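The residues making up each chain are set out below.
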Amino acid sequence: MTDMNKEAISVLNDLIETSKDGQEGFKTCAEDIKHPELKTLFVKRSADCATAAAELQATVRSMGGDPETSTSVSGDLHRRWVDVKAMFTGKDEEAVLNEAERGEDHALKAYREAIEKINKHNLVGIRDLVERQYHGVQRNHDQVKALRNQARARS
């Protein structure tokens, strides 16, 4: 396996963890919220993250690598913190949306760092996939932020 392949697999495995974090994070949000439209949105976002992770895992396998299968330690810690915070905030819409937005901020940062590594190491074979997924994360982030702002305006 070439050094370039090893670098690409490392970048993709980091994004698999990020996608798995999003999958679990949105699943937690869906469980924590009563609002039916938001619950549906979070279930869909969780499924989107699962699809993204599967796509990244397939790419790692096609490159001869061993794909990541778990969430990150920081993602696990974030979800536990969300659960503890939710006990005190009553799991209101705005609080859950704040946490979802924070999770998406983390995902955006991870994708930006991945794109920087791709450009630095000229990993053209994975650029289109990562950029396409990055734009999806950006759309998710913007939608969650808009919903959070609406919830804030109502409260």
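Quick note: structure is the one above.
Residues numbered from 1 in each chain as written. Predicted model: local features only at pLDDT ≥ 70, side-chain atom pairs only at ≥ 80, totals over all residues. Heavy atoms only, no water.

Count 3.6 residues to each turn of an α-helix, and residues three or four apart come out pointing the same way. Taking 1.5 Å per residue, 29 residues should reach 42 Å; helix H4 (residues 93-121) reaches 42 Å between its end C-alpha atoms and fits that length. With its phi angle positive at about 55 degrees, Asn-122 sits one or two positions after the end of H4. (Helix = DSSP H or I, 4+ residues; strand = E, 2+ residues; numbered from the N terminus. Expected span 1.5 Å × (residues − 1).)

Turning our attention to the packing of H4 against helix H5 (residues 124-154). Between H4 and H5, the least distance of the axes is 8 Å, while the angle of their chain directions is 160 degrees. The angle between H4 and H5 places the two elements in the roughly antiparallel class. Seen from above, H4 lies across H5 with left-handed handedness. Taken together, the residues of the contact of H4 with H5 sort by class into 15 nonpolar, six polar and 12 charged. (Axes fitted to C-alpha atoms, helices over the stretch in contact; angles between N-to-C directions. Parallel < 35°, antiparallel > 145°, perpendicular 65-115°, else oblique. Left-handed = near helix turned anticlockwise from the far one by under 90°. Nonpolar A, V, L, I, M, F, W, Y, C, P; charged D, E, K, R; others polar.)

Ranked by internal contacts, the top residues of the largest apolar core, which has 22 residues, are Leu-12, Leu-15, Leu-56, Tyr-111, Ile-126 and Val-130. Looking at this core, the elements that each hand over two or more residues are helix H1 (3-32), helix H2 (36-62), H4 and H5. The next biggest cluster of nonpolar side chains, apart from the first, holds 14 residues, and it includes Leu-41, Cys-49, Leu-97 and Val-144. (Core = buried A, V, L, I, M, F, W, Y, C linked by side-chain atoms within 4.5 Å. Buried < 20%, exposed > 50% of the residue type's maximum accessible area, 1.4 Å probe, protein only.)

Bringing the pattern of salt bridges into the picture now. Applying the stated criterion to the full structure yields 10 salt bridges. For the salt bridge of Lys-27 with Glu-24, the shortest nitrogen-to-oxygen distance reads 4.0 Å. Of this pair, Lys-27 and Glu-24 both sit in helix H1, three residues apart, roughly one helical turn. Lys-27 sits in the partly exposed class, given a relative accessible area of 40%. With relative accessibility at 26%, the residue Glu-24 sits in the partly exposed group. Between Arg-102 and Glu-99 there is a salt bridge, with its nearest N and O atoms 3.1 Å apart. Taken as a pair, Arg-102 and Glu-99 lie in helix H4 at a separation of three residues, close to a single helical turn. The partly exposed category is assigned to Arg-102, whose relative accessible area is 40%. (Salt bridge = Lys/Arg side-chain N within 4 Å of Asp/Glu carboxyl O.)

Below, the discussion takes up the packing of aromatic side chains. Remark: the centre distance and the inter-plane angle together describe each pair of aromatic rings, the angle taken between the planes. Scanning all chains against the criterion turns up one aromatic pair. Between Phe-26 and Phe-42 the ring centres are 5.9 Å apart and the planes differ by 25 degrees, which places this aromatic pair in the stacked class. Of the two residues, Phe-26 is situated in helix H1 and Phe-42 in helix H2; the sequence distance between them amounts to 16 residues. What makes Phe-42 buried here is its relative accessible area of 0%. (Phe/Tyr/Trp six-rings, centres within 6.5 Å; stacked < 30°, edge-to-face > 60°.)

Okay, the side chain of Lys-20 next. Within the secondary structure, Lys-20 sits in helix H1. Among buried Asp, Glu, Lys and Arg side chains, Lys-20 stands out as unpaired, with Glu-24 the closest opposite charge at 6.8 Å. (Lys, Arg positive; Asp, Glu negative; His and termini not counted.)

Two numbers describe how H1 lies on H4: the axes approach to 10 Å, and their chain directions differ by 170 degrees. On the basis of the axis angle, H1 is roughly antiparallel to H4. Contacts between H1 and H4 involve Met-4, Glu-7, Val-11, Asp-14, Leu-15, Thr-18, Ser-19, Asp-21, Phe-26, Cys-29 and Asp-32 on the former and, on the latter, Val-96, Ala-100, Glu-104, His-106, Ala-107, Ala-110, Tyr-111, Ala-114, Lys-117, Ile-118 and His-121. Classifying every residue of the contact of H1 with H4 by side-chain character gives 12 nonpolar, four polar and six charged. (Contact = heavy atoms within 4.5 Å.)

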